[in-house]
Amino acid sequence: DGEEVPYDPEQLRKIKEHPCYSKEACHKFGRMHLAVAPKCNIQCNYCVRDYDCVNESRPGVCSKVLNPQEAVELVREVMDKFPYIKVIGIAGPGDPLANEETFETLKLLKEEFPTPIKCLSTNGLMLPESIDKLVEYDVGNITVTLNAVDPEIGEKIYSFVEWDGKKLHGREAAEKLLSQQLKGIEMAVANKMLVKINTVYIPGINDHHIVDIAKTVGEMGVFTFNLIPVIPQYKFKDITPPTGKEKKEMQDACLPYVRQMRHCKRCRSDAIGLLGEDVQDCIFKRE
Ligand code: SF4
Ligand code: SF4
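Fair warning: this is a prediction, and the values are worked out from it, not measured in the lab.

**A word on the overall build of the protein chain**
- Scanning the protein chain from N- to C-terminus turns up ten helices and eleven strands.
- Computed over C-alpha atoms, the radius of gyration of the protein chain comes to 18 Å, within 12% of the 19 Å expected from 2.2 N^0.38 for 287 residues, which places it in the range of a compact globule.
- Projected onto the principal axes, the alpha-carbon positions of the protein chain cover approximately 50 × 40 × 35 Å.
- Taken across its 287 residues, the protein chain has 55% of its residues classed as buried.
- Restricting the contact set of the protein chain to residue pairs at least 6 apart, pairs at least 24 apart contribute 76%.
- As displayed, the protein chain has an accessible area near 12,600 Å², and 51% of this comes from carbon and sulfur atoms.

**What to know about the pattern of salt bridges**
- All chains considered together, the criterion is met by twelve salt bridges.
- Across the salt bridge formed by R13 and E10, the nearest N and O atoms sit 3.1 Å from each other. Of this pair, R13 and E10 both sit in helix α1 (residues 9-16), separated by three residues, roughly a single helical turn.
- Overall, E10 belongs to the partly exposed group, its relative accessible area being 38%.
- Between R268 and D270 there is a salt bridge, with its nearest N and O atoms 2.8 Å apart.

**Some thoughts on helix α4 (residues 100-112)**
- A rise of 1.5 Å per residue sets the reference length of α4, with its 13 residues, at 18 Å; its end C-alpha atoms lie 19 Å apart and thus fit the reference within 8%.
- Those residues of α4 lying buried are T102, F103, T105, L106 and L109. Buried positions in α4, seen along its axis, are confined to an arc of 160° and lie on one side of it.
- Contacts from the buried residues of α4 go to α3 (68-81), β3 (85-90), β4 (117-122), α5 (127-136) and β5 (139-145).

**Some points on the pairing of strand β7 (residues 166-169)**
- Sheet topology places strand β6 (residues 158-163) next to β7; four bridges connect them, and they run antiparallel. Considered in β7, the bridge of V161 is made with L168.
- In textbook terms, the turn of a hairpin is the stretch between consecutive antiparallel strands, and for β6 and β7 this stretch comprises two residues, one of which, D164, has a positive phi near 55°.

**Looking at the site of ligand 2**
- If you check the shell around ligand 2, you find C20, R31, H33, E56, K196, M261, C264, K265, R266, C267 and L275 and nothing else.
- Along the lines of polarity and charge, the residues of the shell around ligand 2 split into five nonpolar, one polar and five charged.

**A look at the site of ligand 1**
- Around ligand 1, the surrounding shell consists of C40, I42, Q43, C44, Y46, C47, R49, C53, V54, N55 and N123.
- Per-class residue counts for the shell around ligand 1 are seven nonpolar, three polar and one charged.

**Comments concerning unusual backbone geometry**
- A cis geometry characterises the amide bond from G92 onward to P93, with omega recorded as 10°.
- Checked against the element boundaries, P93 lands in the loop between β3 and α4.
- For K192, which is not a glycine, the phi torsion comes out positive at approximately 65°.
- Structurally, K192 can be placed in the loop between α7 (170-190) and β8 (194-201).
- One non-glycine residue, R266, lies in the positive phi region at around 50°.
- With respect to the secondary-structure elements, R266 resides in the loop between β10 (260-261) and β11 (272-273).

**Digging into the packing of aromatic side chains**
- Counting across every chain of the model gives three aromatic pairs.
- Taking the centre distance of 5.7 Å and the plane angle of 65° together, the rings of Y7 and F223 count as edge-to-face. Taken together, the positions of Y7 in the segment before α1 and F223 in the loop between α8 (210-220) and β9 (224-229) put the pair 216 residues apart, joining distant regions of the chain. In this structure, Y7 and F223 share a single accessibility class: buried.
- With a centroid separation of 5.9 Å and an interplanar angle of 75°, the aromatic rings of F82 and Y84 are classed as edge-to-face.
- For F82, a relative accessible area of 10% puts it in the buried group.
- Sitting above the plane of the F103 ring, K133 keeps its charged end 4.0 Å from the centroid.

What counts and how
- Residues numbered from 1 in each chain as written.
- Chains lettered and ligands numbered in written order.
- Predicted model: local features only at pLDDT ≥ 70, side-chain atom pairs only at ≥ 80, totals over all residues.
- Heavy atoms only, no water.
- Helix = DSSP H or I, 4+ residues; strand = E, 2+ residues; numbered from the N terminus.
- Rg over C-alpha atoms; globule rule 2.2 N^0.38 Å.
- Buried < 20%, exposed > 50% of the residue type's maximum accessible area, 1.4 Å probe, protein only.
- Contact = heavy atoms within 4.5 Å.
- Areas by Shrake-Rupley, 256 points an atom, 1.4 Å probe, with all protein chains shown as cover.
- Salt bridge = Lys/Arg side-chain N within 4 Å of Asp/Glu carboxyl O.
- Expected span 1.5 Å × (residues − 1).
- Arc of directions from axis to C-beta.
- Pairing = 2+ DSSP bridges.
- Near = heavy atom within 4 Å.
- Nonpolar A, V, L, I, M, F, W, Y, C, P; charged D, E, K, R; others polar.
- Phe/Tyr/Trp six-rings, centres within 6.5 Å; stacked < 30°, edge-to-face > 60°.
- Lys NZ or Arg CZ within 6 Å of the ring centre and 35° of its normal.

No statement about biological role is implied by the geometric values presented.
Here it is, written out as structure tokens:
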């Protein structure tokens with residue numbers, strides 16, 4: 001769906017071989033997530049921090065955190081056994097850009113595994129400051145979770161944002177986060193990264209605003225938009241998530257503005273395999 005925009009051959013590879021960026025690829029190619037990033041720098045009102053970052057994952061158990069060397073050893077083992085894995089991603093369990101280990105891992109990966117697509121998901125707070133390093137380490141695909149493009153709505157979604165050693169709250173926190181997210185998305189697009197936006201659909205909080213988000217990011221040149229129903233927990237534990245029908249209707253309303261990803265499986269931050277599959281339980285012993 002969506003309009004065809006011209007991409008260069010390297011970008012096309014990063015679309016065609018990435019199971020989350022291409023519906024066709026998702027049957028053929030897999031991804032592996034490296035859980036090297038435990039810390040987070042914001043607090044979303046739908047997140048209980050004992051789990052994986054719900055911006056990108058489904059809560060359940062927290063992925064076992066690996067250090068960068070352990071992560072690279074895992075990549076060695078997986079790449080050898082599963083050549084259909086084309087993407088190495090970092091998605092948590094916290095915010096990848098809030099953890100120095102993310103960059104250490106990417107550096108090691110660039111040296112040893114230059115070919116697989118490098119992918120990362122973030123809340124966007126540190127994206128502008130991280131762009132140069134992400135470019136250096138060939139991160140071609142970035143997911144930013146953007147739940148509002150109006151700080152009046154954003155302040156209902158975030159309890160705090162850590163900035164410059166201080167905890168910001170309320171409107172101030174929402175404004176800082178939003179300005180960083182928009183700046184980061186713009187810089188990522190300018191650097192030819194393929195940007196996916198995750199938006200959490202939170203009835204009563206941002207539902208009337210989701211089409212505005214889609215419009216804003218569509219105009220900014222992002223590649224795709226992934227609408228995620230809220231998981232009712234923490235401060236949003238009493239919110240009823242949207243039904244499948246409501247989700248589809250919202251995606252249809254957003255489609256004129258930006259391509260829609262409709263096959264997200266809400267993977268764990270340590271998932272390995274095709275989407276919806278996790279081969280690591282069969283191959284590796286979990287502790
Ligand atoms: Fe939780 Fe992710 Fe939000 Fe951080 S960014 S509070 S880990 S959902
Ligand atoms: Fe792809 Fe969704 Fe899984 Fe992320 S959570 S790797 S977008 S299928």
